[in-house]
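Residue-level structure breakdown
Chain by chain, the residues run as shown.
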Amino acid sequence: MDVWKAAAERARTHGDVLVLAAGQPSTPAPRPVLRATKAAMDSELLGYTETFGILPLREAIAGHHRATYGISVDPDDVVVTTGSSGAFTLIFLAAFDAGDTVVVARPGYPAYRNTLAALGCDVIELDCGPETRFQPTVAMLEALPQAPAGLIVASPANPTGTMIAPEELAALARWCDDHGTLLISDEIYHGIVYAGTEPTSSAWETSKNSIVIGSVSKYFSMTGWRLGWMLAPAHLRPALQRLASNMTVCPPAISQYAAVHAFGPEAKAELDGHVQRYTANRQLLLRGLPKIGITELAPADGAFYAYADIAHLTDDSVAWCSEVLNRTGVALAPGIDFDTHNGRHTVRFSFAGATADIEEALVRLENHLG
């Protein structure tokens, strides 16, 4: 958020900002969604809805999971939330007590550990490096002194873009079932994967005791609509219902009515076109960064990030990103947000923007690095 604020100020004063820091698409919602939004404004009350979301949306989400993963999902399994952030907060409150141990990967999405810590949980960060493709493994869990209450995995992951192989995700799900650990699988970047990488798999392909988190933010290009969901086992739904009805009453009504139309073939064709652009941008970065001396890159299997080790350039990624922004107008995300131990010498590049912006950013960085 500090980077975005600084980038906005640079845009105001110089008008030359290229934002490679934002973890969001640079495109609007699909056309069918926009049409449905206008129709809903004319035809719907847009008052409170069911706490878990309107039935047509839950049916569309359940159908999406059935079609994508070949698994049995009922609309009653779907809990629609105010963004995936709302889903994480709800499940953390419903499933964990203060003092419970929850395991996350490092580097990883900072809101996991920050939200868990705010709720009084004991967060264990597993140091996940290149040797495990920046993802946790069963061996790491076996090395813990005791089984944790929860494990959070993300595939594709933020900030690395790496994925967990289907067989490894299945092994993690089985281990969690065997040890009474709740597996929370963050699958919000599904749909954004690249040729030659492992296919995405869902935790519910192995265990319906797990939680699957989804969102319309990333692949569906609807970040500001604040709509997510989870697939949740039946025994957790009463607690989720009570918490959600007290905390938010319901997700945004207009977003729900519109998002029903994000799962159809017309929207999917448009969204797959965005992934083609991400593919081109990814190739530009993976080829261009080594040419300017940034060679230590995580495998960008999915999502729209390139995560780089820049220890040869700095041991203060916050200061380095600030310098790059001030001197070049290129906004990048310092790694310290994602890795509290090693993030002082890492940085995240987002390639969700226009291809021309990626090309120009590489030129500016090359000139800056000399």
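From a predicted model like this one, the values you see are computed outputs, not experimental measurements. (Residues numbered from 1 in each chain as written. Predicted model: local features only at pLDDT ≥ 70, side-chain atom pairs only at ≥ 80, totals over all residues. Heavy atoms only, no water.)

Across the sheet, which stays open at both edges, the four strands sit in the order E9-E10-E13-E12 with antiparallel pairing between neighbours. On the outer flanks of this sheet lie strand E9 (296-297) and strand E12 (333-334), each paired with one strand and no other. As judged from the two bridges shared by E9 and strand E10 (residues 305-309), these two strands associate in the antiparallel manner. Considered in E10, the bridge of Leu297 is made with Ala308. (Pairing = 2+ DSSP bridges. Helix = DSSP H or I, 4+ residues; strand = E, 2+ residues; numbered from the N terminus.)

Assigned domains of the chain: these are domain 1 (1-29 + 267-369) and domain 2 (47-262). One C-alpha centre belongs to domain 1, the other to domain 2, and the line joining them spans 25 Å. The partner domain 2 presents 33 residues to the 33 residues of domain 1 that form the contact. Carbon and sulfur atoms make up 56% of the surface buried where domain 1 meets domain 2, a total of about 2,700 Å² over both sides. A per-residue breakdown of the area domain 1 buries against domain 2 is headed by Leu271, Asp301 and Phe338, which together make up 24% of the total. (Domains from an automatic or database assignment. Contact = heavy atoms within 4.5 Å. Buried area = accessible area lost by both parts, 1.4 Å probe.)

With that settled, consider unusual backbone geometry. Geometrically, the link from Arg106 to Pro107 is a cis peptide bond, its omega value of 5 degrees lying close to zero. On the secondary structure map, Pro107 appears in the loop between strand E3 (101-106) and helix H5 (110-118). Of note in the backbone geometry, Arg133 takes a positive phi value of approximately 55 degrees without being a glycine. The topology assignment puts Arg133 in the loop between strand E4 (122-127) and helix H6 (138-142). The residue Arg226 is not glycine, and still its phi comes out positive at about 50 degrees. Assignment of secondary structure puts Arg226 in the loop between strand E7 (211-215) and strand E8 (228-231).

With that settled, the discussion passes to the environment of Ala29. Looking at the element boundaries, Ala29 is found in the loop between strand E1 (18-19) and helix H2 (31-43). When the C-alpha atoms of Ala29 and Trp225 are compared, they prove to be 9.0 Å apart, with 196 residues separating the residues in sequence. When sequence neighbours within four positions are dropped, the list of residues in contact with Ala29 reads Leu34, Ser221, Met222, Trp225 and Glu270.

Here we take up the UniProt feature "domain: Aminotransferase class I/classII large" (unreviewed entry) in the chain. According to UniProt, the positions carrying the feature "domain: Aminotransferase class I/classII large" (unreviewed entry) are residues 16-365. From the first C-alpha to the last, residues 16-365 spans 14 Å; its make-up is 39% helix and 15% strand. (UniProt positions renumbered as here; feature names shortened; annotations may be inferred.)

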